[in-house]
Amino acid sequence: AEPADKPGVTIFATGGTIAGSSKSNTDTTNYTSGDIGVQQLLDAVPELEDVATVTGEQIANTGSSNIDQAILLKLSKAINKQLATPDTHGVVVTHGTDTLEETGFFLDLTVDSDKPVVMVGAMRPATAISADGPFNLLEAVTLAASDKAMGRGAMIVINDRIGSAFYTTKTNAIMLDTFKAIEQGYLGAFVSSQPHFYYEPAEPTNKPSFDISNIDSLPKVDILYGYQDAESSLLTAAIDNGAKGIVLASTGNGSVPKRMEEAVKKAMADGIPVIRSTRTGNGIVSPKEMGIGSGVYNPQKARILLMLVLSQTDDMEKIRGYFE
Ligand SMILES: NC(=O)C[C@H](N)C(=O)O
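An unreviewed UniProt entry lists the protein under the name Glutaminase-asparaginase, from Marinobacter psychrophilus. Recorded in UniProt under Sequence similarities (unreviewed entry), the annotation for the protein is "Belongs to the asparaginase 1 family."

(A) Expanded view of the overall build of the protein. A count of helical and extended segments in the protein gives 9 helices and 14 strands. Across its three principal directions, the C-alpha atoms of the protein cover 70 × 50 × 50 Å. Looking at the 324 residues of the protein, the share that counts as buried comes to 39%.

(B) Representation of the sheet that holds strand E5 (residues 154-158) within the structure. Strand order across the open sheet formed by 6 strands is E2-E1-E3-E4-E5-E6, with mixed pairing between neighbours. One side of each edge strand has no neighbouring strand; the edge strands of this open sheet are strand E2 (53-62) and strand E6 (161-164). Neighbour-to-neighbour, the strand axes of the sheet open up by a mean angle of 25°, direction not taken into account. Bridge count between strand E3 (residues 88-94) and strand E4 (residues 117-120): 4 bridges; the pairing is parallel. From the neighbouring strand, Val92 faces E4, where its bridge partner is Val118. This element, helix H4 (residues 100-110), spans E3, E4 and E5 of the sheet and lies at about 150° to E5.

(C) Geometry of the site of the ligand. Around the ligand lies a shell formed by Gly16, Thr17, Ser33, Gly63, Ser64, Gly96, Thr97, Asp98, Gly121 and Met123. Taken together, the residues of the shell around the ligand sort by class into 1 nonpolar, 8 polar and 1 charged.

(D) Seen up close, the confidence of the model for the protein. Averaged over all residues, the pLDDT of the protein equals 95, while 99% of them reach at least 70. Scoring the predicted complex yields pTM 0.89 and, for the interface, ipTM 0.96.

(E) The arrangement of the sheet that holds strand E14 (residues 292-293) in detail. Read from one edge to the other, the open sheet built from 4 strands follows the order E11-E12-E13-E14, with strand pairing classed as parallel. Pairing within the sheet leaves two strands with one partner each, and these edge strands are strand E11 (221-225) and E14. On top of the sheet, helix H6 (residues 233-240) reaches E11 and strand E12 (245-250); it is set at about 170° to E11, its chief contact. Across the sheet, helix H8 (residues 299-310) is in contact with E11, E12 and strand E13 (274-278); its angle to E12 comes to roughly 165°.

(F) Quick peek at the UniProt feature "binding site: substrate" (unreviewed entry) in the protein. Under the present numbering, the feature "binding site: substrate" (unreviewed entry) in UniProt falls on Ser64, Thr97 and Asp98. For the residues just named, distributed over 35 residues, the greatest C-alpha separation is only 6.8 Å, placing them together at one site. Its location among the elements puts Ser64 in the loop between E2 and helix H3 (69-83). The class for Ser64 is buried, based on 24 C-beta atoms found within 10 Å. Apart from residues no more than four positions distant in its own chain, Ser64 is found in contact with Gly15, Gly16, His95, Gly96, Thr97, Asp98, Thr99 and Leu100. By the element assignment, Asp98 lies in the loop between E3 and H4. Asp98 gets classed as partly exposed once you count the C-beta atoms within 10 Å, which come to 18.

(G) Representation of the environment of Gln184 in the model. Structurally, the position occupied by Gln184 is in the loop between strand E8 (179-180) and strand E9 (188-191). Accessibility expressed as a C-beta count within 10 Å gives 17 for Gln184, which makes it partly exposed. Spatially, the C-alpha atoms of Gln184 and Ser164 are 9.3 Å apart, while their sequence positions differ by 20 residues. Beyond its immediate stretch of four places on either side in the chain, Gln184 contacts Tyr167 and Tyr198.

(H) Inspection of unusual backbone geometry at higher detail. Not every positive phi belongs to a glycine, and Ser130 is a case in point at roughly 55°. One can find Ser130 in the loop between E4 and helix H5 (133-144). Ser130 gets classed as exposed once you count the C-beta atoms within 10 Å, which come to 9. If you check the backbone angles, Asn206 has positive phi at about 60° while not being a glycine.

(I) Focus on the domain arrangement of the protein. The assigned domain composition of the protein is domain 1 (3-188) and domain 2 (221-323). Taking only C-alpha atoms into account, the centre of domain 1 sits 38 Å from that of domain 2.

Here is what the cut-offs are and how they apply
Residues numbered from 1 in each chain as written. Predicted model: local features only at pLDDT ≥ 70, side-chain atom pairs only at ≥ 80, totals over all residues. UniProt positions renumbered as here; feature names shortened; annotations may be inferred. Helix = DSSP H or I, 4+ residues; strand = E, 2+ residues; numbered from the N terminus. Buried ≥ 20, exposed ≤ 12 C-beta atoms within 10 Å, placed from the backbone. Pairing = 2+ DSSP bridges. Axes fitted to C-alpha atoms, helices over the stretch in contact; angles between N-to-C directions. Contact = placed C-beta atoms within 7 Å. Near = placed C-beta within 6 Å. Nonpolar A, V, L, I, M, F, W, Y, C, P; charged D, E, K, R; others polar. pLDDT = per-residue confidence, 0-100. Domains from an automatic or database assignment.

In structure tokens form, the structure reads like this:
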């Protein structure tokens, strides 16, 4: 599509490390925050044009310890005005991380729109080797341009995570993965033995359900662990032993060693799904050419899901759809 067809996203720049610069590309602590203007931030990420029609507005350019209520009010009013225009799909606020959570929370409580408001910052200045700002900015704009971001309140994007501005906090003075909402990752907690929920009722995205009223047994699915030197003999043995599906508790992002590729491909071709999950205990295993990525499911949950799915269908693309 032409750039004009892309969703409109306005970036309100306020400064911070994301707009910081230093004479040295290894300096990540003694740089000047809020040194680079919004146009320069945009110019550093030409890929933004692929996801949105982006316009920039400079609200302030300072370290976020200098953000005050005058700036908050100016910013919130500017965002409300911008989101009311039909061509605007969402807004992004570039901001220093030190007080980013305060501004995000303020916007969450004062912006009157279902459209996405995305706070973004960086922990390394723009001049650093492996500066995190440009990719964070690309993700923030992609989120602001996404229909999936509607109605979620103000959000904080940094280090590949989407946080609720209501709950997310800076937790580390210098590390890249500083923003966390650890406690509110739970649904709730007990206060004097009474349940207190952090969220309104919500279902996990794409949660499947199965009617097992007429099912007396489920297909056999085995889990195989990933490790250095792992090869295909256990996979073949599991299938010879009657497995109708296999879950790999693989290394990393569900990687399959070259030694096992042929056996995985053969199993898939024979109608035996091979789900690539991860032994790391965390993360969303993404689709690749090989097998089926487990998505959000750890190996033991992927196994239960695959048994249920196999009780309903042997269509490989349908099976894939439950995971990826
Ligand atoms: N990482 C950062 O953005 C910190 C910076 N001092 C600020 O909050 O402006």
